[in-house]
Amino acid sequence: MRIAYFDCFSGICGNMILGGLLDLGVPRALMEEGLGRLGLEPFEISASVEERAHLRGTHVSVRIGNGPARERSFEQIRDLIGKSSLNRRVKEMSLAAFRRLAVAEGMVHREEPDRVHFHEVGAVDSIVDIVGAFIGVDYLGLEGVYVSRIPLGRGMVSSRHGRLPVPAPATLELLKDVPVYDSGVEAEMVTPTGAAWITTLAREFGILPDMRIERVGYGLGDRDLGSIPNVLRILLGEPALSPVQDRVLVVETDIDDMNPEFFEPLMERLFSRGALDVAFLPIQMKKSRPGVMVRVICEEPLRERIVETILQESTSIGVRYFPVQRGKLERRIEQVETPFGVVRVKVSQDRSGKIRRLSPEYEDCLRLSKETGNPIIEIYQETLLAARKAVTGR
């Protein structure tokens, strides 16, 4: 499995993405051949090795033939890509990026996405940037893309709509729910094209994932930012054989005035509303009063539901929540035949496929204990033996 980490310390735009991918070894001829299937106006991709603030990489520019740049609507671009002979994956990724752009522009200009008419983004160079970069992703066989936090610039930028604040309104729409920060740089660090492309592909934004680096590519931008290199860095490699990482939400509240009998139904209700885990921790609160911390782990989209459940089902008058990174083993459920009946077993393994844990389902063992009269510990042990044989062959 191949993954990439896009280190956007100096922002991201279309030609920086193309330059970084070419620097990683994507053949320019392959990219041009694929783009030639779109039937665009004549264009030429030039690539040169240059330097930005002592960092060397590949700078890409797209030269368009004579005549004014043609503008296209989202519908025209959708037809252009859909009718081309590009492979299915490149088509799907490209259409998804332009759809994101159409939705963002529609939000800014109060138009339906299908009615959006692109100006700068509808020109040949922007189409080349977006589609060409997805051709590069397909060539490299990337199955996972991770991205750093995104730096935003300041100031104003010129557009067909006049002078606009930086970041451009469409860029901000595209970066909703993405971790960003103020770079302090008076320049457009992220273009709508760059924002649409990376948010279409990114699996996760944040820190560098555990990986074995194979190659590093540097894509150069057009700006002179002084001591800051206007460069996009792409790390290409494979995931390290470490626990699978994902992002979850921790929701907590402290309680010191609730009947202890009410904690059991609170836990049951939280699990029924989608909680991944619930724990009650003894704590010492103000005036030395004993209390209980309720800690819930859930997926971020369930935040409001979990918070509402805590406030309705307990005496809490407020909660706190924060995102965390979680490392976990991959897991699946197997049905295992035992002398007492069928028991579900959770099989946990690392990324190499090595089995790390076999965990019989407690409720199944308890049910069979009640049905057969056998001790639950005996059923549990027999299930483990059967599971090892069924799953590992030993």
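Okay, so let's go over this structure. Quantities reported herein were computed from a predicted structural model and do not represent experimental measurements.

A word on the side chain of Glu-252
With respect to the helices, strands and loops of the structure, Glu-252 is situated in strand S12 (residues 244-255). Reaching out from Glu-252, the side chain makes a polar contact with the side chain of Arg-295 at a distance of 2.8 Å. Among residues more than four places away in sequence, those in contact with Glu-252 are Met-293, Val-294, Arg-295, Val-319, Arg-320 and Phe-322.

A look at the nonpolar core
Counting residues in each nonpolar core, the largest one holds 67 residues, and the members touching the most others are Phe-6, Leu-38, Phe-98, Val-131, Val-147, Ile-150 and Trp-197. The element best represented in this core is helix H5 (residues 124-140), accounting for 10 residues. Beyond its immediate chain neighbours, meaning those up to four positions away, Val-131 contacts Leu-35, Leu-38, Ile-81, Leu-86, Val-90, Ser-94 and Phe-98. Counting residues in each nonpolar core, the second largest holds 16 residues, with Met-258, Leu-266, Val-294 and Val-296 among its members.

Here's the deal with helix H11 (residues 376-392)
One full turn of an α-helix is made of 3.6 residues, so residues set three or four places apart face in the same direction. For H11, which comprises 17 residues, the first-to-last C-alpha distance of 24 Å matches the rise-based estimate of 24 Å (1.5 Å per residue) to within 8%. For H11, the set of buried residues is Ile-379, Thr-383, Leu-384, Ala-386 and Ala-387. If you follow the buried residues of H11, they end up packed against strand S16 (330-338), strand S17 (341-349), strand S18 (355-360) and helix H10 (362-372).

Section: the sheet that holds S16
Strand order in the open sheet made by the three strands is S16-S17-S18, with antiparallel pairing throughout. The open sheet has two edge strands with one neighbour each: S16 and S18. Each neighbouring strand pair of the sheet contributes to a mean axis angle of 30 degrees, computed without reference to strand direction. When S17 meets S18, the two strands line up antiparallel, connected through five bridges. Bridge pairing links Val-345 to Pro-360 in S18.

Reading the values: rules and limits
- Residues numbered from 1 in each chain as written.
- Predicted model: local features only at pLDDT ≥ 70, side-chain atom pairs only at ≥ 80, totals over all residues.
- Heavy atoms only, no water.
- Helix = DSSP H or I, 4+ residues; strand = E, 2+ residues; numbered from the N terminus.
- Polar contact = N/O pair within 3.5 Å; in protein donor to acceptor, adjacent residues only side chain to side chain.
- Contact = heavy atoms within 4.5 Å.
- Core = buried A, V, L, I, M, F, W, Y, C linked by side-chain atoms within 4.5 Å.
- Buried < 20%, exposed > 50% of the residue type's maximum accessible area, 1.4 Å probe, protein only.
- Expected span 1.5 Å × (residues − 1).
- Pairing = 2+ DSSP bridges.
- Axes fitted to C-alpha atoms, helices over the stretch in contact; angles between N-to-C directions.

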